[in-house]
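Structural characterization, general
Residue strings, one per chain:
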Amino acid sequence: METSYLKAGQIAAEALEFGKKLIKENVTLLSVAKQVEEKIFQLGGRPAFPVQLSKNEIAAHFCPLDEVEIFENGDLVKLDVGVHINGFIADTACTVSVGGGNLELIKASNDALNDAIQKMTPGTTLGEIGAGIQEIINAYGFNPIKNLSGHQIKQFELHAGLSIPNFKNNSSVELEEGQVFAVEPFATTGEGFVKDGRPSGIYSIIEIKPTRAGREILDFIKREYNQLPFTSRWLMKRFPEFKVSSSFRFLEREGVVKQYPQLPERSNGIVSQAEHTVIVKRKPLVITKLI
Ligand code: CO
């Protein structure tokens, strides 16, 4: 199990490093997402969710679907990459500044992440980790995003059980040896809350039930992605576009799949993010650091 986590972690780290360098002015978001996803397959992994490239006030869940969106000078870009090997998931993200602005904001989430990682030892409470993240981000003069959190990971479960708060929430729940978490502080120039934005094109299965239509697509999704998030863009490679869109509309209406919304900051603050996947140990093991 740990071997699969380590392998997924190294592939995610390499794909992130590769993707970072592709983010440049006038390049389309879609071309970067596609190349990073291809890289993951080349390295022997599979995407645990669609590559996300969220700009500026969008904190997360921006999944490019067409050639329209490009990177512009001044953009602050969160690149979020997930890889799995047999369902063992590594989730990592970084923030790239197009044109070199907002460096303090990037440092704030990076420092908060490093502080949190050191505390990923058995017996630390979730509240202590959140308190550290909040303190560091506040010291930079920014706010952490309080309604986004790090998340426990289990096989084929991206959000399993416990959450790592990005603020002091007084939780006395203690970390246990061997637990796996994606730790992801977000720092913002805004109030520190995300709201639901436009539909993202990222979906996951909520409940398998017998359906009249969309059967073929649903069977494919179950087989290929299990419980993990996916995008309609991936399905277009296998099925005609009209079939994908009509099936998705039907499956969404029937409550079989749900679509995630984009997550913009409520007050339009600019957002940075840093993320690693960590196994709780006396000496915390960061699986998504390049070795
Ligand atoms: Co992530």
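Refer to the structure printed above.
In this text, all values refer to a predicted model and were calculated from it rather than measured experimentally.

Section: the coordination of the cobalt ion
Ideal geometry at a metal centre: 109.5 degrees between donors when four sit tetrahedrally, and 90 or 180 degrees when six sit octahedrally. At this site the cobalt ion is bound by D80 (OD), D80 (OD), D91 (OD) and E275 (OE), with donor distances of 1.9 to 2.6 Å. Viewed at the metal, the four donor atoms of the cobalt ion are separated by angles of 55 to 148 degrees, and the geometry they form is irregular. Between the donor residues of the cobalt ion, the gaps in sequence give the motif D-x10-D-x183-E. One end of the pair, D91, is in strand β5 (residues 88–97); the other, E275, is in the loop between β15 (271–273) and β16 (276–279), and 184 residues separate them in sequence. Residue D91 shares its accessibility class with E275, and that shared class is buried.

Digging into the packing of helix α5 (residues 215–225) against helix α7 (residues 241–253)
Axis separation between α5 and α7 bottoms out at 9 Å; the angle between their running directions is 85 degrees. The angle between the axes of α5 and α7 places the two elements in the roughly perpendicular class. Residue-level contacts link E216, I217, L218 and I221 of α5 to K243, V244, S247, F248 and L251 of α7. Residues that form the contact of α5 with α7 fall into these classes: six nonpolar, one polar and two charged.

Here we look at helix α2 (residues 29–42)
For an α-helix, 3.6 residues make a turn, and residues three or four places apart therefore share a direction. In this model, α2 (14 residues) spans 20 Å end to end at C-alpha, consistent with the 20 Å of a helix rising 1.5 Å per residue. Turning to α2, its buried residues are L29, L30, V32, A33, V36, E37 and I40. With its buried residues spanning 165 degrees around the axis, α2 presents them on a single face. Taken together, the buried residues of α2 touch α1 (2–22), β1 (46–47), β2 (52–55), β4 (76–85) and α6 (232–235).

Focus on the packing of aromatic side chains
One pass over the structure, following the stated rule, counts eight aromatic pairs. When the centroid spacing of 5.2 Å and the interplanar angle of 65 degrees are considered together, the rings of Y5 and F88 count as edge-to-face. Note that Y5 is positioned in helix α1 and F88 in strand β5, a separation of 83 residues in sequence. Its relative accessible area of 2% is what places Y5 among the buried residues. Judged by relative accessible area, F88 falls into the buried class, the value being 12%. Residues Y225 and W234 carry aromatic rings whose centres are separated by 5.4 Å and whose planes lie at 45 degrees to one another, so their mutual orientation is tilted. In terms of burial, Y225 and W234 fall into one category: buried. Among the aromatic residues, ring-to-ring pairing joins Y203, F220, Y225, F230, W234, F239 and F248 into one connected group. Lying across the ring of F18, K39 places its NZ or CZ 4.7 Å from the centre.

Observations concerning the layout of surface pockets
By volume, the largest pocket is sized at about 590 Å³. H61, H151, L158, H159 and Y260 are the residues nearest the centre of the largest pocket, which is lined by 33 residues in total. Contributions of two or more residues to the lining of the largest pocket are made by β7 (150–152), β11 (199–205) and β13 (257–261).

So, the sheet that holds β7
The sheet built from five strands is open, its strands ordered β8-β7-β9-β16-β17 with antiparallel pairing. The strands lining the two open edges of the sheet, one partner per strand, are β8 (163–164) and β17 (285–286). In the sheet, β7 pairs with strand β9 (residues 180–183) via two bridges, with the strands oriented antiparallel. Residue pairing in the sheet places Q152 in a bridge with F181 of β9.

Conventions used here
- Residues numbered from 1 in each chain as written.
- Predicted model: local features only at pLDDT ≥ 70, side-chain atom pairs only at ≥ 80, totals over all residues.
- Heavy atoms only, no water.
- Donors = N, O, S within 2.8 Å, 3.2 Å for Na, K, Ca; no water.
- Tetrahedral: all angles 85-135°; square planar, octahedral: opposite > 155°, others 65-115°.
- Helix = DSSP H or I, 4+ residues; strand = E, 2+ residues; numbered from the N terminus.
- Buried < 20%, exposed > 50% of the residue type's maximum accessible area, 1.4 Å probe, protein only.
- Axes fitted to C-alpha atoms, helices over the stretch in contact; angles between N-to-C directions.
- Parallel < 35°, antiparallel > 145°, perpendicular 65-115°, else oblique.
- Contact = heavy atoms within 4.5 Å.
- Nonpolar A, V, L, I, M, F, W, Y, C, P; charged D, E, K, R; others polar.
- Expected span 1.5 Å × (residues − 1).
- Arc of directions from axis to C-beta.
- Phe/Tyr/Trp six-rings, centres within 6.5 Å; stacked < 30°, edge-to-face > 60°.
- Lys NZ or Arg CZ within 6 Å of the ring centre and 35° of its normal.
- 1 Å grid on protein atoms, 1.4 Å probe; cavity = no way out; pocket = protein on both sides within 12 Å on 5 of 7 lines; lining within 4 Å.
- Points joined across faces, edges and corners; volume = space filled by probe spheres on them.
- Pairing = 2+ DSSP bridges.

Keep in mind these values describe shape, not function.
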